[in-house]
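As a plain string of letters, each chain reads:
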Amino acid sequence: MPGKGEPLDVLLVEDNDAHAELVMRNLEHHRVANVVHHVTDGEAALDYLFGRGAYIDQQSHQQVNLVLLDLRLPKYDGLEVLRQIKQSEELKRIPVVILTTSRAERDVANAYEHNANSYVTKPLDYEKFSELMDEIGYYWLAWNQSPWLAKKS
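Heads up: these notes are all about the structure in this document. (Residues numbered from 1 in each chain as written. Predicted model: local features only at pLDDT ≥ 70, side-chain atom pairs only at ≥ 80, totals over all residues. Heavy atoms only, no water.)

## Re the overall build of the chain
- Secondary structure summary: the chain contains six helices and five strands in total.
- Counting from the amino terminus, the chain carries its helices and strands in the arrangement β-α-β-α-β-α-β-α-β-α-α.
- If you take every contact in the chain between residues at least 6 apart in sequence, the share linking residues at least 24 apart comes to 67%.
- Counting every atom, the chain has about 8300 Å² of accessible surface; 46% of that belongs to carbon and sulfur. (Helix = DSSP H or I, 4+ residues; strand = E, 2+ residues; numbered from the N terminus. Contact = heavy atoms within 4.5 Å. Areas by Shrake-Rupley, 256 points an atom, 1.4 Å probe, with all protein chains shown as cover.)

Spelled out as structure tokens, the structure:
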């Protein structure tokens, strides 16, 4: 994992192209992350993180500093992706932020039961969404003390 000043990579797991575009555009605009990798389903997210399938020749999981994860996904839903990340010794320290439209108490509770680091509901208003992405990025990639940075201190 990177130290201070090294590139920061975000894995965005979002099947809605419009939402994905807003996230990527806002992270880029605010220079929060150096690279945003976008996948559109749960299976692709797990393949990316575990370096299998289409990503077998890459060390993808070693680059990811933050996962932004939607709950409603094709193939594997977000909770299954979250469960597998948090059960993996190799990946469990990567912060996972659930970024979804659902405000259902059951979804929030399930996400935290599966060790989500945060649960954020996407605002419908573009300006508020932009502000949210700015704040998420700065918090998780700049202000938050990450385990890989703590080990190097």
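## Section: the sheet that holds strand S3 (residues 64–69)
- Ordered by their spatial adjacency, five strands build an open sheet running S2-S1-S3-S4-S5, and the pairing between neighbours is parallel. Every interior strand has two partners, whereas the edge strands, strand S2 (35–39) and strand S5 (118–121), have only one. Neighbour to neighbour, the strand axes of the sheet diverge by 20° on average, direction disregarded.
- For strand S1 (residues 9–13) and S3, the ladder comprises five bridges, and the chain directions are parallel. (Pairing = 2+ DSSP bridges. Axes fitted to C-alpha atoms, helices over the stretch in contact; angles between N-to-C directions.)

## Side note on the nonpolar core
- Grouped together as the largest cluster of nonpolar side chains are 25 residues, with contacts concentrated most on Leu11, Val13, Leu49, Val67, Leu69 and Ile98.
- Listed by contribution, the elements that provide at least two residues to this core are S1, helix H2 (42–50), S3, helix H3 (78–87) and strand S4 (96–100).
- Among the elements that take part in this core, H2 stands out by supplying five residues, more than any other.
- Discounting chain neighbours no more than four positions away, the residues touching valine 67 are Leu11, Val13, Leu49, Ile94, Pro95, Val96 and Val97.
- Counting 15 residues, the second-largest nonpolar core is a separate cluster that includes Val10, Leu27, Leu66 and Leu132. (Core = buried A, V, L, I, M, F, W, Y, C linked by side-chain atoms within 4.5 Å. Buried < 20%, exposed > 50% of the residue type's maximum accessible area, 1.4 Å probe, protein only.)

## Quick notes on the pattern of salt bridges
- Following the criterion strictly, the structure yields eight salt bridges and no others.
- Taking the shortest distance from any N to any O, the salt bridge between glutamate 21 and arginine 25 comes out at 3.4 Å. Of this pair, glutamate 21 and arginine 25 both sit in helix H1 (residues 17–29), separated by four residues, roughly a single helical turn.
- Judged by its relative accessible area of 43%, arginine 25 is partly exposed. (Salt bridge = Lys/Arg side-chain N within 4 Å of Asp/Glu carboxyl O.)

## Observations concerning the packing of aromatic side chains
- Applying the stated criterion to the full structure yields one aromatic pair.
- Consider the rings of tyrosine 48 and tyrosine 55, whose centres lie 5.0 Å apart with planes at 75°: the pair is edge-to-face. (Phe/Tyr/Trp six-rings, centres within 6.5 Å; stacked < 30°, edge-to-face > 60°.)

## Considerations on a nonpolar patch on the surface
- Together, Tyr138, Tyr139 and Trp143 line one region of the surface with nonpolar side chains, adding up to about 400 Å² of accessible area.
- On the secondary structure map, tryptophan 143 appears in helix H5 (residues 126–143). (Patch = residues over 30% accessible without salt bridge, like charges linked within 9 Å, V, L, I, M, F, W, Y side chains within 5 Å.)

Interpretation in functional terms is not warranted from these geometric data alone.
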